[in-house]
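What follows is each chain in one-letter form.
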Amino acid sequence: MQAQIITYQLKDISQPEYLKQMVEPDAPILAEVKGLISKVWLADVEKNTFGGFYLWESKTAMEDFMNSDLVKAVVSRPFVKNVSSVDYEVNEKASLITRGLK
């Protein structure tokens, strides 16, 4: 299992337009991505930092997603800048104890 944090900043777009142009249309598509267990959407409006916490079935599933046309389309949007991704292997045994996994 793999955890991933993707962050980005927005440029020249209002919050309502960001929600309308990216969050609302992308959420149902992301829900169907093979190997994605969950995505938690992140937002820090004051720091202009947005993104998501992703939980993947495997590192391969995460890598397939990162190389997909969907990701290429998202990062090519003119209002998305400074995209960053970091990932970590999940310690499943410890995470079960602390209710991080079910």
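What counts and how
- Residues numbered from 1 in each chain as written.
- Predicted model: local features only at pLDDT ≥ 70, side-chain atom pairs only at ≥ 80, totals over all residues.
- Heavy atoms only, no water.
- Pairing = 2+ DSSP bridges.
- Helix = DSSP H or I, 4+ residues; strand = E, 2+ residues; numbered from the N terminus.
- Axes fitted to C-alpha atoms, helices over the stretch in contact; angles between N-to-C directions.
- Bend = angle between axes of the 7 residues up to and from the residue.
- Buried < 20%, exposed > 50% of the residue type's maximum accessible area, 1.4 Å probe, protein only.
- Contact = heavy atoms within 4.5 Å.
- Polar contact = N/O pair within 3.5 Å; in protein donor to acceptor, adjacent residues only side chain to side chain.
- 1 Å grid on protein atoms, 1.4 Å probe; cavity = no way out; pocket = protein on both sides within 12 Å on 5 of 7 lines; lining within 4 Å.
- Points joined across faces, edges and corners; volume = space filled by probe spheres on them.

Peer 1: What should I look at first to understand the sheet that holds strand S3 (residues 49-56) in this one?
Peer 2: The pairing of strands in a sheet happens through backbone hydrogen bonds and is either parallel or antiparallel. Taking strand neighbours across the sheet as the criterion, the four strands line up as S2-S3-S1-S4 in an open arrangement whose pairing is antiparallel. Here the strands that pair on one side only, and so sit at the sheet edges, are strand S2 (36-44) and strand S4 (80-89). Across this sheet, the average inter-strand angle for adjacent strands is 15°, counted without regard to direction. Sheet analysis places strand S1 (residues 2-10) next to S4, joined by eight bridges and oriented antiparallel.

Peer 1: Help me understand helix H1 (residues 15-30) in this model?
Peer 2: Of all the bends found along H1, the most pronounced is centred on Val23 and spans about 30°, while Pro25, a proline, follows it within four residues. The complete set of buried residues in H1 reads Tyr18, Met22, Val23, Asp26 and Leu30. Elements that come into contact with the buried residues of H1 comprise S1, S2, S3, helix H2 (59-66), helix H3 (69-75) and S4. A distance of 3.2 Å separates the backbone nitrogen of Glu17 from a side-chain oxygen at the start of H1, and that oxygen is part of Ser14.

Peer 1: Can you walk me through the pairing of S1 in this structure?
Peer 2: As paired strands, S1 and S3 are joined by seven bridges and run antiparallel to one another. Bridge pairing in S3 places Ile6 opposite Gly52.

Peer 1: Any chance you could explain empty space enclosed by the protein here in plain terms?
Peer 2: In this approach a probe as big as a water molecule rolls over the atoms, and the regions it shows empty are the leftover space. Overall, the coordinates contain one cavity of 30 Å³ or more when judged by the stated rule. Approximately 200 Å³ is the volume attributed to the largest cavity. Contributing to the lining of the largest cavity are 18 residues, with Ile6, Met22, Tyr54, Phe65 and Val74 lying nearest its centre. Of the residues forming the lining of the largest cavity, the biggest block, four residues, is contributed by H3.

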